[in-house]
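# Tertiary structure, described
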Amino acid sequence: MKNNRVKRIGVLTGGGDCPGLNAVIRGVAKPAHDNGLSVLGIQDGFEGLVTGKAIELYNKDVSGILAQGGSILGSSNKGDPFHWPEQFDDEIKIVDRSERAMRNYEAWDLDVLIAIGGDGTMHISQKLSDMGMNIVGVPKTIDNDLEATDQTFGHDSAIFVVSEALDRLHTTASTHHRVMVLEAMGRYAGWIALHGGLAGGADIILIPEIPFDWEVVYDKVIQRNMRGKRFSIICIAEGAKAIDGNIVVKAKDIKRTDPIQLGGVAELVTRMITDNTGLETRYTVLGHLQRGGSPTPYDRILSTKFGTYAIELALKKKFDRMVALKGNEITSVKIKEAIADQKLVKPTDQAVKAAVAVGVSFGTEKL
Ligand code: F6P
């Protein structure tokens, strides 16, 4: 680092996209420019770090992007330098390309890399930091499953989409006296289905952390019907499974950091309820609607706070740390701590207790 002062930063967005990425990029770049730093935008996440794809980000490039969904830099969940898919003849092999990532970082003359991403991005960041790269992480994911921060940006926008969808499903469900099943994202953590379901008044919330009992689900919709509530709303996370059942896998792709693509559990639940209760049931899969579009005001504010705090850390040379929200304060934690545990829903969480108190079933008698 010339003159021992941070002069040039790189920024990338890794993993699945979510609303607020551009707000963070803006939050990073504007104060960086004001402090005389140059900013390099690495394209398509870690993929660009390995292949050398990047663009200079000037002040004009980050104007007008606060409310814009997606990432102006692109993102990828297939660019893990330590799990790099390379084509050999007619076979794809997974190889380690982390040396290339280090070489590009040095060739670009970067003093620090701001890595905006979720769990996967933080794991990669820790390994690159162990190799000598200066990193500051910013926690992103609609899933909200990073233990070290009270909230990740993107989650609020995702649950806004879920609750709006549930509001719409309510009116058609009550009109046609149907059971409506909404599949939300959430592979191993059920925060989107839990918070979205609570906000949207779901009658049943099914999440990966609480395996459900089919009989309890059938009983809940039948009981509601018998009490004159001739419709039911179920909000289910894509990674939810029945006791003794398996998660429903849609496809596998070894190029991805996590090779499993989930999807289909709402269809299964719909079929089972129809067959076992006789009630007319329909399902909707929200999919990537939860990841696209403009961030909510909450996420715009959180993203701006996260981005600007990341630059403060970089200027103070507090590397190897991830920005975090604790209560109402923005602070930072060691990346190692941030990836130690995944934040999963516990039956003792206030949101679960509140849901139960207003009559929501989690598909089990034992919580
Ligand atoms: O990690 C965020 C997430 O939204 C998960 O909830 C979901 O399973 C996954 O991304 C979907 O990723 P992709 O768009 O690569 O299929």
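Refer to the structure presented above.
Residues numbered from 1 in each chain as written. Predicted model: local features only at pLDDT ≥ 70, side-chain atom pairs only at ≥ 80, totals over all residues. Heavy atoms only, no water.

In this section: helix α9 (residues 297-315). Taking 1.5 Å of rise per residue, the 19 residues of α9 would be expected to cover 27 Å, and the 27 Å separating its terminal C-alpha atoms lies within 8% of that figure. Looking one or two residues beyond α9, the residue adopting positive phi is Lys317, at roughly 60 degrees. (Helix = DSSP H or I, 4+ residues; strand = E, 2+ residues; numbered from the N terminus. Expected span 1.5 Å × (residues − 1).)

It is worth spelling out the site of the ligand at this point. All residues in the neighbourhood of the ligand are listed as Asn77, Ile142, Asp143, Met185, Gly186, Arg187, Glu238, Arg256, His288 and Arg291. With respect to the ligand, the backbone of Gly186 contributes an N or O atom lying 3.3 Å from an oxygen atom. A distance of 2.9 Å separates an oxygen atom of the ligand from a polar side-chain atom of Arg291. Protein contacts shield 83% of the accessible area of the ligand, which totals 400 Å² for the unbound molecule. Looking at the shell around the ligand, its residues break down into two nonpolar, three polar and five charged. Here the shell around the ligand spans two domains, and each of domain 1 (8-153 + 295-327) and domain 2 (158-292 + 346-357) adds at least three residues to it. (Near = heavy atom within 4 Å. Polar contact = N/O pair within 3.5 Å; in protein donor to acceptor, adjacent residues only side chain to side chain. Areas by Shrake-Rupley, 256 points an atom, 1.4 Å probe, with all protein chains shown as cover. Nonpolar A, V, L, I, M, F, W, Y, C, P; charged D, E, K, R; others polar. Domains from an automatic or database assignment.)

With that settled, the discussion passes to the nonpolar core. Among the nonpolar cores identified, the biggest contains 65 residues, and Ile9, Ile114, Ile116, Val138 and Phe153 are the most heavily contacted of them. The element contributing the most residues to this core is helix α5 (residues 155-176), with eight residues. Both domains that furnish three or more residues to this core are identified here as domain 1 (8-153 + 295-327) and domain 2 (158-292 + 346-357). The contact partners of Val138, leaving out residues within four places of it in the chain, are Val24, Ile114, Ala115, Ile116, Gly117, Met122, Phe153, Phe306, Ala310, Met322 and Val323. Of all hydrophobic cores here, the second largest spans 29 residues; its members include Leu12, Phe82, Val95 and Trp108. (Core = buried A, V, L, I, M, F, W, Y, C linked by side-chain atoms within 4.5 Å. Buried < 20%, exposed > 50% of the residue type's maximum accessible area, 1.4 Å probe, protein only. Contact = heavy atoms within 4.5 Å.)

Let us look at the packing of aromatic side chains. Each aromatic ring pair is described using two quantities: the centre-to-centre distance and the angle formed by the ring planes. For the structure on display, the rule yields three aromatic pairs. Measuring from ring centre to ring centre gives 6.5 Å for Phe153 and Phe306, while their planes differ by 70 degrees; the resulting arrangement is edge-to-face. Here Phe153 is found in the loop between β7 (135-139) and α5, whereas its partner Phe306 is found in helix α9, with 153 residues between them in sequence. Just as Phe153 is buried, Phe306 falls in that class too. (Phe/Tyr/Trp six-rings, centres within 6.5 Å; stacked < 30°, edge-to-face > 60°.)

With respect to topology, seven strands assemble into an open sheet ordered β3-β2-β1-β6-β7-β14-β15, the strand pairing being mixed. Whereas interior strands pair on both sides, the edge strands pair on one side only; in this sheet they are β3 (54-57) and β15 (329-334). Neighbour-to-neighbour, the strand axes of this sheet turn through a mean angle of 30 degrees, independent of strand direction. Strand direction decides the pairing type here: strand β1 (residues 8-13) and strand β6 (residues 112-117), joined by five bridges, are parallel. When the bridges of β6 are listed, Gly10 appears paired with Leu113. (Pairing = 2+ DSSP bridges. Axes fitted to C-alpha atoms, helices over the stretch in contact; angles between N-to-C directions.)

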